[in-house]
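What the coordinates show
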Amino acid sequence: LGSTFFLMAVRKNYWLLPLAIVFFASAMYTYHSATLTGPLVLVVLCLLFVRELLAHKLQLLVTILTGLIVIAPYLPSYLLSAKGRVRFNSESVVHMPGNVLTNFTNNFVGNFTFDYLFFKGDQQGRHSVKKLGELYLWQVVFVLGGLFFLLMYRSKATVIILLGLLISSIPPALTRVSPHALRGLLAVSYWQLLIGFGLIYILPKFKLKTKYLLIPIVVYALITYLHMYYVHYPQAYALDWQDGHRQTVEYIKTIES
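Residues numbered from 1 in each chain as written. Predicted model: local features only at pLDDT ≥ 70, side-chain atom pairs only at ≥ 80, totals over all residues. Heavy atoms only, no water.

Let us look at the nonpolar core. In this structure, F6, L135, V143, W191 and L194 are the most contacted members of the largest nonpolar core, which totals 38 residues. Broken down by secondary-structure element, the contributors of at least two residues to this core are helix 1 (2-11), helix 2 (17-27), helix 3 (32-48), helix 9 (114-119), helix 10 (140-152), helix 11 (156-168) and helix 13 (187-202). Among the elements that line this core, the one with the most residues is helix 13, at seven residues. Apart from residues lying up to four places away in sequence, F6 is in contact with L17, A20, L42, L45, C46, F49 and L53. (Core = buried A, V, L, I, M, F, W, Y, C linked by side-chain atoms within 4.5 Å. Buried < 20%, exposed > 50% of the residue type's maximum accessible area, 1.4 Å probe, protein only. Helix = DSSP H or I, 4+ residues; strand = E, 2+ residues; numbered from the N terminus. Contact = heavy atoms within 4.5 Å.)

At a closest axis distance of 8 Å, the pairing of helix 2 and helix 5 (residues 57-71) adopts a crossing angle of 25 degrees. Looking at the two axes, helix 2 sits roughly parallel to helix 5. Crossing handedness for the pair helix 2 and helix 5: right-handed. Each of L17, P18, I21, V22, A25 and S26 in helix 2 lies in contact with helix 5, whose residues at this interface are V62, T63, T66, G67, V70 and I71. Classifying every residue of the contact of helix 2 with helix 5 by side-chain character gives eight nonpolar, four polar and no charged. (Axes fitted to C-alpha atoms, helices over the stretch in contact; angles between N-to-C directions. Parallel < 35°, antiparallel > 145°, perpendicular 65-115°, else oblique. Left-handed = near helix turned anticlockwise from the far one by under 90°. Nonpolar A, V, L, I, M, F, W, Y, C, P; charged D, E, K, R; others polar.)

Quick look at the pattern of salt bridges now. A side chain of one charge can pair with a side chain of the opposite charge when the charged atoms of the two come close. Inspection of the entire model under this criterion finds two salt bridges. A salt bridge links K120 to D115; its shortest N-O distance comes to 3.8 Å. The class for K120 is partly exposed, based on a relative accessible area of 43%. Taking the relative accessible area as the measure of exposure, D115 reaches 38% and is therefore partly exposed. (Salt bridge = Lys/Arg side-chain N within 4 Å of Asp/Glu carboxyl O.)

Turning our eyes to something else, we now look at the packing of helix 2 against helix 3. It is at 8 Å that the axes of helix 2 and helix 3 come closest, and there the two elements cross at 150 degrees. Of the possible angle classes, the one that applies to helix 2 and helix 3 is roughly antiparallel. Residues I21, F24 and A27 of helix 2 pack against A34, G38, V41, L42 and L45 of helix 3. Taken together, the residues of the contact of helix 2 with helix 3 break down into seven nonpolar, one polar and no charged.

With the rule as written, the count across this model stands at 17 aromatic pairs. Between F148 and Y201, the aromatic rings sit 5.6 Å apart at their centres with planes inclined by 45 degrees, giving tilted as the arrangement. With a gap of 53 residues between them, F148 in helix 10 and Y201 in helix 13 connect regions that are remote in the sequence. Feature note: the residues F148, F149, Y153, F197 and Y201 constitute an aromatic cluster, connected by ring pairs. Lying across the ring of Y201, K205 places its NZ or CZ 4.5 Å from the centre. (Phe/Tyr/Trp six-rings, centres within 6.5 Å; stacked < 30°, edge-to-face > 60°. Lys NZ or Arg CZ within 6 Å of the ring centre and 35° of its normal.)

If you want it as structure tokens, here you go:
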């Protein structure tokens, strides 16, 4: 929402900028990853449109003040307190065995492997069915097509989407477990935009009848996922959702004397 209103502001009405900054600042309250990714995405957008922003100084000043007001309660309780840093310290890549830079690089690259994206997905039981990738296998063609399209017709959209994907992979790369679908959740938007550009670029090159072949492929992939999710997942990964704890306590109550 922050990115959307930012782009609407620079294209239509600069008084939408304060609303954009409200969403960017509010995102930091929602999850740890957004504390890092939100400001980085905002910096990218500001650098791309720096001339336009500087030409509207009043709206820019109001935007900065609005952002400071929204974020003010958050900073002392999280960034400046020892309690707020406990979670990061316990999960940080700094505390992994081996070289920190090597570990970070391996973690970062792990978010772009075919295994993670198209074959196995996140191996955390609460984040994935584990048997399928984070993206559908049929989308790989359109990921590559979208990448080719964006690099061939270079624009600000190219920078936003590709840097967005890189920024999205920083939070999981900074922690012990990577790839991590939840910590890298921001990537969902950018992968779908990339796939969208791939569809726009590739589909017009095929005849109408050929395009229809994509429909059964997409339907099959969706049914496969839903079958895995609703039939196998609840049984195979019940322990990942603490199944058994309630039953254990109920049994203990019957013999507590």
